[in-house]
Amino acid sequence: MGHPVTYAAGHRIFVEGQRAEHFWLIGEGVVALDIDVPGRGSVLIERLSPGSVLGWSWMFPPYRWHFDATAERHTRAIQFHGSEVLRLCREDPAAGFDLMQRFVAVLVERLQATRSRLLDISNTGG
């Protein structure tokens, strides 16, 4: 279901608020997740390395990205179209349940990273 993609260093993969339709399995490179914080500008939340999953917003309405994602280094990944994966989940509920559990774990990890980073910023002023 996936196909290989390559991003040059500095390429913006997606932007907060844009429609979320895909997710990626990172095979090589580093992707930075950042968020715009009023009064502070862009704040790095997390760096994703090979083996990480990028993107979960395609799973939940309103299907909009919650972060910005930028390739910090030349990045190779496998890209999946969310609607195709959701169709597979509906057709095979056991596989769908397993996949959803995995993505919920990613979601919790990202939210905890965001919380920790924002607490750091508020405690240190930077």
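Structure report, in brief. Residue numbers here run from 1 along each chain, matching the order of that chain's written sequence. Note on the predicted model: pLDDT of at least 70 is required for a residue's local features to be given, and 80 or more for side-chain atom pairs to be given and counted; whole-chain, interface and lining totals, by contrast, use all residues. Water and hydrogen atoms were dropped before computing side-chain values, which therefore reflect all heavy atoms in the structure.

Thoughts on the packing of aromatic side chains
Classification of ring pairs uses Phe, Tyr and Trp, with its six-membered ring standing for Trp, and accepts pairs whose centres are within 6.5 Å; under 30 degrees between planes counts as stacked, over 60 as edge-to-face, and the remaining range as tilted. Scanning the model with the defined rule gives eight aromatic pairs in all. Here the aromatic rings of phenylalanine 23 and phenylalanine 103 are separated by 4.9 Å at their centres, their planes lie at 80 degrees, and the arrangement is edge-to-face. Within this pair, whereas phenylalanine 23 is found in strand β3 (residues 22-28), its partner phenylalanine 103 is found in helix α2 (residues 93-124), the two being separated by 80 residues in sequence. With a relative accessible area of 5%, phenylalanine 103 lands in the buried category. Ring geometry for tryptophan 24 against tryptophan 65: centres 6.0 Å apart, planes inclined by 35 degrees, an arrangement best described as tilted. Placement of tryptophan 24 in strand β3 and of tryptophan 65 in the loop between β6 (53-54) and β7 (68-71) is noted, with a sequence separation of 41 residues between them. Across the pair, tryptophan 65 and tryptophan 24 agree in class, each one buried. Members of the aromatic cluster, connected to one another through ring pairs, are Phe23, Trp58, Phe80 and Phe103. Going along the chain from the N terminus, every DSSP run of H or I of four or more residues is numbered as a helix, and every run of E of two or more is numbered as a strand. Remark: exposure states derive from per-residue accessible area (1.4 Å probe, protein chains only) relative to the maximum for the residue type, with buried under 20%, exposed over 50%, and partly exposed in between.

Let's talk about empty space enclosed by the protein
Using a grid of 1 Å spacing that covers the protein atoms alone, one calls a set of points a cavity when a 1.4 Å probe fits there but cannot get out, and a pocket when the set is open and has protein on both sides within 12 Å along at least five of seven lines; lining residues are those with an atom within 4 Å of a point. Grid points are joined across faces, edges and corners, and a volume is the space filled by probe spheres set on the points. Counted under the stated rule, the structure contains one cavity of 30 Å³ or more. By volume, the largest cavity is sized at about 70 Å³. In this structure, the largest cavity is lined by Phe14, Leu33, Leu54, Gly55, Trp56, Ser57, Trp65, His66, Phe67 and Arg110. Three residue categories are used. Nonpolar comprises Ala, Val, Leu, Ile, Met, Phe, Trp, Tyr, Cys and Pro, charged comprises Asp, Glu, Lys and Arg, and polar comprises the others, including Gly. For the lining of the largest cavity, the per-class residue count stands at six nonpolar, three polar and one charged.

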